[in-house]
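# Structural characterization, general
Read off the chains here:
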Amino acid sequence: MLLLCEHDQKVYADSLHIDPNRAQFFEYESLTFYCEGVSYCEVVRESKGKIPTCNITNRRTSTGSSCTITNVFPADSGVYWFKAGGEKRSNGVNITVTAGSVILEIPALPVMEGEAVTLTCRNKTTSSQTSADFYKDGVFLSSSSTGNMSIHNVSKCDEGLYKCNISGAGESAESRLTVKVSPKEHLMENDCLSEHCCHIYLRLRTVFTIVMVALLLLLVGLLHCRKLRVTNNNHSCPPRCKCKCHNKGSNGENIKD
């Protein structure tokens, strides 16, 4: 039961932020990573290593440091993080850079449960509002004449891969929307889970006790019935009497019955 109640949690000592906070970028756009909690922003990209431009664009901030990439390319797509000392590392930020005409502006960082989130389908060739279709996990969600889709009270059920399509312009890449629970609510969920586990344990213990008592009563009953059966058999079968009777016939001889 204790194993059922355990949860693995990944705790990050420091955090990585991105500005603008979106997961998709057009080619040649710029972005800035903010490394909270460290004096030097040494950003690393998965399977590619350190970002050379951080040596030039590194800046100190009130809470840490920053690193700016002035021109991004499709080859820059991937997961980024920074080393926080030793074997520790920050949270990962996944971005996608496209050379196409359509991107989906979706938060790159997890959003808090209960917040309002707006997804925007953006066309590189025009700044005006354009109608767009939105999809989640490959399933059509809705159409919007403004190119925006709002989720007013986001929940864990809204997590998934989103993309959009603009007729005549093309389709965006897929990016994941991640929703996190507030620490207070997370503690409440853990408390409820622990209480639920305890209830299950108490129920199982009660059922086990009832079953054992029932088996014990059944065993006592069977032994009692067996004893009664033996006793009844002894009383119902009295010893047979062997009697020898002699009668005299008409000729005076004894006849044995």
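Because the structure is a prediction, the values reported are computed rather than measured.

With that settled, the discussion passes to the overall build of the protein chain. Scanning the protein chain from N- to C-terminus turns up two helices and 21 strands. Going through the 257 residues of the protein chain one by one, you find that 29% of them count as buried. Counted over contacts in the protein chain with a minimum sequence separation of 6, partners at least 24 positions apart contribute 59%. Element-wise, carbon and sulfur atoms account for 55% of the exposed surface of the protein chain, whose accessible area totals about 17,300 Å².

Further remarks concern the pairing of strand 14 (residues 139–144). Across a regular strand the side chains alternate sides, sitting on one face of the sheet and then on the other. With five bridges connecting them, strand 13 (residues 132–136) and strand 14 associate as antiparallel partners. Paired with Tyr135 across the bridge in strand 14 is Phe140. Turn length for the strand 13-strand 14 hairpin, with the two strands adjacent in sequence and antiparallel, is two residues, and the turn residue Asp137 shows positive phi of about 55 degrees.

The tally for this structure, following the rule as stated, stands at three aromatic pairs. The interplanar angle of 70 degrees and the centroid separation of 5.7 Å between the aromatic rings of Tyr135 and Phe140 together place this pair among those described as edge-to-face. By relative accessible area, Phe140 is classed as partly exposed at 43%. Stacked on the ring of Trp81, the Lys or Arg Arg89 has its end atom at 4.1 Å from the ring centre. In this arrangement the basic side chain of Lys163 is found over the ring face of Tyr135, its NZ or CZ atom lying 5.7 Å from the centre.

Turning our attention to the sheet that holds strand 6 (residues 59–60). Taking strand neighbours across the sheet as the criterion, the four strands line up as 1-3-7-6 in an open arrangement whose pairing is antiparallel. Looking at strand neighbours, the two that pair on one side only are strand 1 (15–19) and strand 6, the edges of this open sheet. Bridge count between strand 3 (residues 31–36) and strand 7 (residues 64–69): six bridges; the pairing is antiparallel. The residue bridging Tyr34 from the neighbouring strand is Ser66, located in strand 7.

Quick look at the pairing of strand 15 (residues 148–151) now. Side chains Met149 and Ile151 project from strand 15 onto a buried face, and the interleaved Asn148 and Ser150 project onto a face without burial. Relative to strand 15, strand 12 (residues 117–123) runs antiparallel, the two sharing four bridges. When the bridges of strand 15 are listed, Thr120 appears paired with Asn148.

Moving on, we get to the sheet that holds strand 5 (residues 49–50). As a general point, the strands of a sheet are linked pairwise by backbone hydrogen bonds and lie either parallel or antiparallel. With mixed pairing, five strands are arranged side by side in an open sheet as 2-9-8-4-5. The open sheet is flanked by strand 2 (24–26) and strand 5, the only strands paired with a single partner. Sheet topology places strand 8 (residues 78–82) next to strand 9 (residues 93–98); three bridges connect them, and they run antiparallel. Across the sheet, Tyr80 pairs through a bridge with Val93, a residue of strand 9.

Below, the discussion takes up the side chain of Gln24. Relative to the helices and strands, Gln24 resides in strand 2. What makes Gln24 buried here is its relative accessible area of 2%. Side-chain polar atoms of Gln24 contact the backbone nitrogen of Leu104, separated by 2.8 Å. Looking at Gln24, its side chain comes within polar contact range of the side chain of Ser175, at 2.9 Å.

Below, the discussion takes up the layout of surface pockets. Considering only enclosed or pocket space, the second largest pocket measures out at about 310 Å³ in volume. Those elements giving two or more residues to the lining of the second largest pocket turn out to be strand 9 and strand 18 (175–177). It is strand 9 that contributes the most residues to the lining of the second largest pocket, four residues altogether. Residue composition of the lining of the second largest pocket, grouped by class: 10 nonpolar, six polar and two charged.

This brings us to the confidence of the model for the protein chain. For the protein chain, per-residue confidence averages 81 on the pLDDT scale, and 77% of positions sit at 70 or higher. The secondary-structure element of the protein chain with the lowest mean pLDDT is strand 21 (residues 254–256), recorded at 54, while strand 2 shows the highest, at 97. Per-residue pLDDT stays below 50 along residues 1–13; that stretch engages in 15 contacts with residues further than four places along the chain or on separate chains.

The next subject is the state of the cysteines. This structure, assessed with the given rule, holds three disulfides. Disulfide partner of Cys35: Cys41, at an S-S distance of 1.8 Å. Residues Cys35 and Cys41 are joined by a disulfide whose S-S torsion is about 50 degrees; by sign, that bridge is right-handed. There is no split in this pair, since Cys35 and Cys41 are both buried.

The rules behind each value
Residues numbered from 1 in each chain as written. Predicted model: local features only at pLDDT ≥ 70, side-chain atom pairs only at ≥ 80, totals over all residues. Heavy atoms only, no water. Helix = DSSP H or I, 4+ residues; strand = E, 2+ residues; numbered from the N terminus. Buried < 20%, exposed > 50% of the residue type's maximum accessible area, 1.4 Å probe, protein only. Contact = heavy atoms within 4.5 Å. Areas by Shrake-Rupley, 256 points an atom, 1.4 Å probe, with all protein chains shown as cover. Pairing = 2+ DSSP bridges. Phe/Tyr/Trp six-rings, centres within 6.5 Å; stacked < 30°, edge-to-face > 60°. Lys NZ or Arg CZ within 6 Å of the ring centre and 35° of its normal. Polar contact = N/O pair within 3.5 Å; in protein donor to acceptor, adjacent residues only side chain to side chain. 1 Å grid on protein atoms, 1.4 Å probe; cavity = no way out; pocket = protein on both sides within 12 Å on 5 of 7 lines; lining within 4 Å. Points joined across faces, edges and corners; volume = space filled by probe spheres on them. Nonpolar A, V, L, I, M, F, W, Y, C, P; charged D, E, K, R; others polar. pLDDT = per-residue confidence, 0-100. Disulfide = S-S within 2.5 Å.

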